[in-house]
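Secondary and tertiary structure notes
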Protein chains: 2
Amino acid sequence: MDRILLAHGSGGRLAQQLVEEVFIESLTNPLLASMEDSATVDFHGQLAFTTDSYVVTPLFFPGGNIGKLAVCGTVNDLAASGAKPLYLSLAMILEEGLELSVLKEVVDTIRLAAQEAGVSIVTGDTKVVERGACQGMFINTAGVGRVPEGIVSSASRARPGDRILLSGAIGEHGMAVLSKRQGLTFQTEIRSDCAPLGELVANLVSVCPGVRCLRDPTRGGVATVLNEIAQRSGVGVFLDEGHIPIPEAVAGACEIMGFDPLYVANEGKMIAVVPVEQADDALSAMRRSPYGEGAQDIGEVTEEMPGKVLLRTAFGSTRFLPTLDGELLPRIC
Amino acid sequence: MDRILLAHGSGGRLAQQLVEEVFIESLTNPLLASMEDSATVDFHGQLAFTTDSYVVTPLFFPGGNIGKLAVCGTVNDLAASGAKPLYLSLAMILEEGLELSVLKEVVDTIRLAAQEAGVSIVTGDTKVVERGACQGMFINTAGVGRVPEGIVSSASRARPGDRILLSGAIGEHGMAVLSKRQGLTFQTEIRSDCAPLGELVANLVSVCPGVRCLRDPTRGGVATVLNEIAQRSGVGVFLDEGHIPIPEAVAGACEIMGFDPLYVANEGKMIAVVPVEQADDALSAMRRSPYGEGAQDIGEVTEEMPGKVLLRTAFGSTRFLPTLDGELLPRIC
């Protein structure tokens, strides 16, 4: 048997085999191996709880695959609430006919990504749908983490004077997926930045307990996240174009395809809005962290222009970065 | 705008609108309304964590729809660990072109089901995939609950002498979905039993702290769940056919279509394996509970025939109920 059959989703013997041979075998930990309907763990404190479905196409792209995305994306949503990510659920919707080797490769990646992120996959579910009904696989992960006492990250907490920090270069995930999908090749391959940011956030909040807001700029990119913060906090956001790290290959690909890198998805970056007096410490903590080497202070929060995001260009002019109406890039995560 | 567009999944203005107008509007609670990447709640004790994806087709069937299923299924998985269900996540994968009215009806059902089950939907996600890529919608819910101190429900804890309790009539969910799918009508309409069982389980564990194992017999039905318990506990299971409540309409439909009701999915039933000395109290508690009126003692756990499930028929003979190899009914949940 080298392909997924409808019977793998029936709850019968084949379903049990699939779970044991693919999931338990690879993702082994005592909670998952118990195969109960729920995992049970002892928990005390502020619990962060989040969910995301992953429907990216193609399933494999330079720098990652749907499995790595499903771990990092949910880990990063927990980190964005200031939490230490602890436990993930893993729910897969598989298409009849999917090669078992593809599933195994994705699950192996999930294992490695979870290991790196320091999270355990403690509960799961598998459904199988007929050929043509889901394009390979969809994955949902939900996550549970613990928020350190006193830390509150919210898009409504930005205040005039705060600094805006960005953990590194932008645009890589979206352009990597799109290039692969369109069959485009560039001189320098663009690889997804997909990475778990739990440690980066832990380092940051330990020296910057006053952090106002953490957000990972995925769908809609940096501009969309900052618009949300500007609107919900009732403040303006001014960015310095020259301080925003954009890899040359991303800039080139965006120019050819007509995208603005500020709206392109990232899967391994964090934006932190921090009080000005803790900004230097926060930036240093980011730069000492894995995946934060390229962190930059990219702008400030203002009283002027509440609800708006503005970019000071390299030429000294200023332009608005509006919230986008239409769709930029479907199925990039 | 009366249909789902790809742009509703982009993270831009339309995505924001959809979340605000459909989800926040209907499922309103302060945690969800905060629209942060994670919900944060205070939690102390034994935490139960589970997930399930729902891919049922058709989306609407007698007695429920995919939304009701997505709430009840995950609530019941928490209940099956003995937990009081508390918080759910809601992740939707929507197909481009889906009528907004259909989405709204499903979300309204989700609201009502969550209300009845006493759970809050505190975090969510929406993805949109191209026309033809998911057949209307898929839903994933993950759930968090609190397990009362001292309660341990596990498929490996059944002991010889234990009684097997079933909370009511079987086979309704699977046959309701299948009849609808095949366009079959019977004299008596078969309606899904889809229902939240948190209160039933809370009542049961309060008088039966020694409960060995709780399981909701969904995919694969009663026979599959009992096989799992028999195998994992290393015990035999003997059922009395005459004590298993099977509605006449279900029995008739199963006969016509060639199904055994013991393998047909339920979405509002619980199996409880309990020590014999607490069995009467447990059964009374079930019967006093919503959705437990028809509860029955259906059999016993034995030392003989470890790993096997046997049915004593009305005629005095005995037959095996094996674990099924193939697929019985795809897409029923």
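Residues numbered from 1 in each chain as written. Chains lettered and ligands numbered in written order. Predicted model: local features only at pLDDT ≥ 70, side-chain atom pairs only at ≥ 80, totals over all residues. Heavy atoms only, no water.

Notes on the overall build of chain A
Filter applied, for reference: Note on conventions: DSSP H or I runs of at least 4 residues are helices, E runs of at least 2 residues are strands, and numbering of each starts at the N terminus. Within these notes, the globule rule equals 2.2 Å times the number of residues to the 0.38 power, and the radius of gyration is based on C-alpha atoms. In this scheme, a residue with accessible area under 20% of its type's maximum is buried, one over 50% is exposed, and one in between is partly exposed, where area comes from a 1.4 Å probe on protein chains only.
Of the regular secondary structure elements, chain A holds 9 helices and 13 strands. For 333 residues, the compact-globule estimate of 2.2 N^0.38 gives 20 Å, and chain A sits close to it at 21 Å. Its C-alpha atoms give chain A principal-axis dimensions of roughly 65 × 50 × 30 Å. Across the 333 residues in chain A, those meeting the buried criterion constitute 63%.

Overview of the packing of helix H3 (residues 66-79) of chain A against helix H4 (residues 100-117) of chain A
Residues and elements named next belong to chain A. Applied cut-off: Axis lines are fitted to C-alpha atoms, over the contacting stretch for helices. Their N-to-C directions set the angle, which ranges from 0 to 180 degrees. Note that the term roughly parallel is reserved for angles under 35 degrees, roughly antiparallel for angles over 145, roughly perpendicular for angles of 65 to 115, and oblique for everything else. Throughout, a crossing is termed right-handed when the near helix is turned clockwise from the far one, and left-handed when it is turned anticlockwise from it by less than a right angle. In this description, contact between two residues means that some pair of their heavy atoms is separated by no more than 4.5 Å. Residues are grouped as follows: Ala, Val, Leu, Ile, Met, Phe, Trp, Tyr, Cys and Pro are nonpolar; Asp, Glu, Lys and Arg are charged; every other residue, Gly included, is polar.
At a minimum axis distance of 7 Å, the contact between H3 and H4 shows a crossing angle of 30°. Considered as vectors, H3 and H4 are oriented roughly parallel to each other. The element H3 and its partner H4 pack so that their crossing is right-handed. Each of Ile66, Gly67, Lys68, Val71 and Val75 in H3 lies in contact with H4, whose residues at this interface are Val106, Thr109, Ile110, Ala113, Ala114 and Ala117. Counted by class, the contact of H3 with H4 contains 8 nonpolar, 2 polar and 1 charged residues.

Brief notes about the interface of chain B and chain A
Which entries qualify depends on this criterion: Defined in terms of a 1.4 Å probe, buried area is the accessible area two parts forfeit on being brought together, summed over both. A pair is scored as a salt bridge if a Lys or Arg side-chain nitrogen falls within 4 Å of a carboxyl oxygen belonging to Asp or Glu. Think of a polar contact as two N or O atoms within 3.5 Å of one another; within protein, one of them needs to be a possible hydrogen donor and the other a possible acceptor, and neighboring residues in sequence only count if both atoms come from side chains. DSSP bridges decide pairing: two strands pair if at least two such bridges lie between them.
On the side of chain A, 80 residues touch chain B, which itself brings 80 residues to the contact. The largest per-residue losses of area from chain B upon contact with chain A belong to Asp37, Phe49 and Arg219 of chain B, which jointly make up 12% of the total buried on that side. Viewed at the interface, chain A and chain B are joined by 12 salt bridges. The salt bridge involving Arg219 of chain A is made with Asp125 of chain B; its shortest N-O contact spans 3.0 Å. On inspection of chain B and its partner chain A, the count reaches 41 residue pairs in polar contact (both at pLDDT 80 or more). Elements supplying a minimum of two residues to the side of chain B that touches chain A: helix H1 (13-27), strand E1 (39-54), helix H3 (66-79), strand E4 (84-95), strand E5 (120-129), strand E6 (137-147) and helix H7 (221-233) of chain B. Ranked by residue count, the leading element in the side of chain B that touches chain A is E1 of chain B, at 15 residues. Of the residues belonging to the side of chain B that touches chain A, the class tally is 32 nonpolar, 31 polar and 17 charged. When strand E1 (residues 39-54) of chain A meets E1 of chain B, the two strands line up antiparallel, connected through 11 bridges. If you follow Phe43 of chain A over to E1 of chain B, its bridge partner there is Gly45 of chain B.

Section: the domain arrangement of chain A
All names here are of chain A. The cut-off we apply is this: For the purposes of this description, domain bounds are those given by an automatic or database domain assignment.
By the assigned domains, chain A splits into domain 1 (6-147) and domain 2 (163-320). A straight line from the C-alpha centre of domain 1 to that of domain 2 covers 27 Å. Residue-level contacts link 20 residues of domain 1 with 22 residues of domain 2. Sorting the residues of domain 1 by area buried against domain 2 places Pro62, Asn76 and Ala80 first, and these three jointly supply 30% of that buried surface. On inspection of domain 1 and its partner domain 2, the count reaches 0 salt bridges. Counting the contacts that link domain 1 with domain 2 gives 7 residue pairs in polar contact (both at pLDDT 80 or more). Elements represented by at least two residues in the side of domain 1 that touches domain 2 include exactly strand E2 (60-61), H3 and H4. If one sorts the elements of the side of domain 1 that touches domain 2 by residue count, H3 sits on top with 8 residues. For the side of domain 1 that touches domain 2, the class distribution of residues is 12 nonpolar, 5 polar and 3 charged.

Focus: helix H1 (residues 13-27) of chain A
Residues and elements named next belong to chain A. This is how the line gets drawn: Expected span of a helix, by definition, is 1.5 Å for each gap between consecutive residues, and there is one gap fewer than residues. One fitted axis covers the seven residues ending at a residue, a second covers the seven starting there, and the bend at that residue is the angle between these axes.
Helix length check: H1, at 15 residues, gives a terminal C-alpha distance of 20 Å against a target of 21 Å (1.5 Å per residue), a fit within 8%. The largest bend in H1 is about 30°, located at Glu20. Elements that come into contact with the buried residues of H1 comprise helix H2 (30-33), strand E4 (84-95), H4 and strand E5 (120-129).

Section: the pairing of strand E11 (residues 296-302) of chain A
Residues in a regular strand project their side chains so that they alternate between the two faces of the sheet. All names here are of chain A. Strand direction decides the pairing type here: strand E7 (residues 163-166) and E11, joined by 4 bridges, are antiparallel. Opposite Arg163, over in E11, you have Glu300 as the bridge partner. With 4 bridges connecting them, strand E9 (residues 236-240) and E11 associate as antiparallel partners. Paired with Phe238 across the two strands is Glu300, which belongs to E11.

So, the state of the cysteines
All names here are of chain A. Just so we agree on the cut-off: Disulfide: a pair of cysteine sulfur atoms within 2.5 Å of each other.
Under the definition given, this model contains 0 disulfides over all chains. The cysteine Cys72 is free of any disulfide, with Cys194 supplying the nearest cysteine sulfur at 3.9 Å. Cys72 sits in the buried class, given a relative accessible area of 1%. Just so you know, Cys254 is unpaired, no disulfide at all, and the nearest cysteine sulfur is the one on Cys333, 16 Å from it.

What to know about the nonpolar core
Our working rule: Side-chain atoms within 4.5 Å link the members of a nonpolar core, which is a set of buried Ala, Val, Leu, Ile, Met, Phe, Trp, Tyr and Cys residues.
Grouped together as the largest cluster of nonpolar side chains are 53 residues, with contacts concentrated most on Phe23, Met92, Leu103, Ile110, Met137, Ile139 and Met175 of chain A. Of all the secondary structure elements, the ones that give two or more residues to this core are H1, H3, E4, H4, E5, strand E6 (137-147), helix H5 (172-182) and helix H8 (248-257) of chain A. At 9 residues, H4 of chain A tops the list of elements feeding residues into this core. If you count residues domain by domain, this core takes at least three from each of domain 1 (6-147) and domain 2 (163-320) of chain A. The residues contacting Met92 of chain A, other than those within four sequence positions of it, are Phe23, Leu103, Val106, Val107, Ile110, Asp125, Thr126, Lys127, Met137, Phe138 and Ile139 of chain A. If you look at the next biggest cluster of nonpolar residues, it comprises 52 residues, including Leu18, Val119, Ile121 and Leu329 of chain B.

Points about the pattern of salt bridges
Taken as a whole and judged by the stated rule, the model has 40 salt bridges over all chains. Between Glu228 of chain B and Arg215 of chain B there is a salt bridge, and its shortest N-O distance comes to 2.8 Å. Of this pair, Glu228 of chain B sits in helix H7 while Arg215 of chain B is found in strand E8 (residues 213-215), placing the two residues 13 residues apart along the sequence. Of the two residues examined, Glu228 of chain B and Arg215 of chain B, each falls in the buried class. The network of salt bridges with shared partners includes Glu36 and Asp37 of chain A together with Arg215, Glu228 and Arg232 of chain B.

Here we look at unusual backbone geometry
Residues and elements named next belong to chain A. Each neighbour pair has its own omega, and for Thr57 with Pro58 the value is 0°, a cis peptide bond. Counting through the fold element by element, Pro58 comes out in the loop between E1 and E2. Not every positive phi belongs to a glycine, and Met305 is a case in point at roughly 55°. When you line up the elements, Met305 lands in the loop between E11 and strand E12 (309-312). By relative accessible area, which is 38% here, Met305 ends up partly exposed.

So, the pairing of E12 of chain A
Residues and elements named next belong to chain A. Both E9 and E12 contribute to a ladder of 4 bridges, which runs parallel. Bridge pairing in E12 places Asp240 opposite Arg312. As paired strands, E12 and strand E13 (residues 318-320) are joined by 3 bridges and run antiparallel to one another. Within E13, the position partnered with Leu311 by the bridge is Arg319. The antiparallel hairpin formed by E12 and E13 contains 5 residues in its connecting segment, where Gly316 sits at a positive phi of about 90°.

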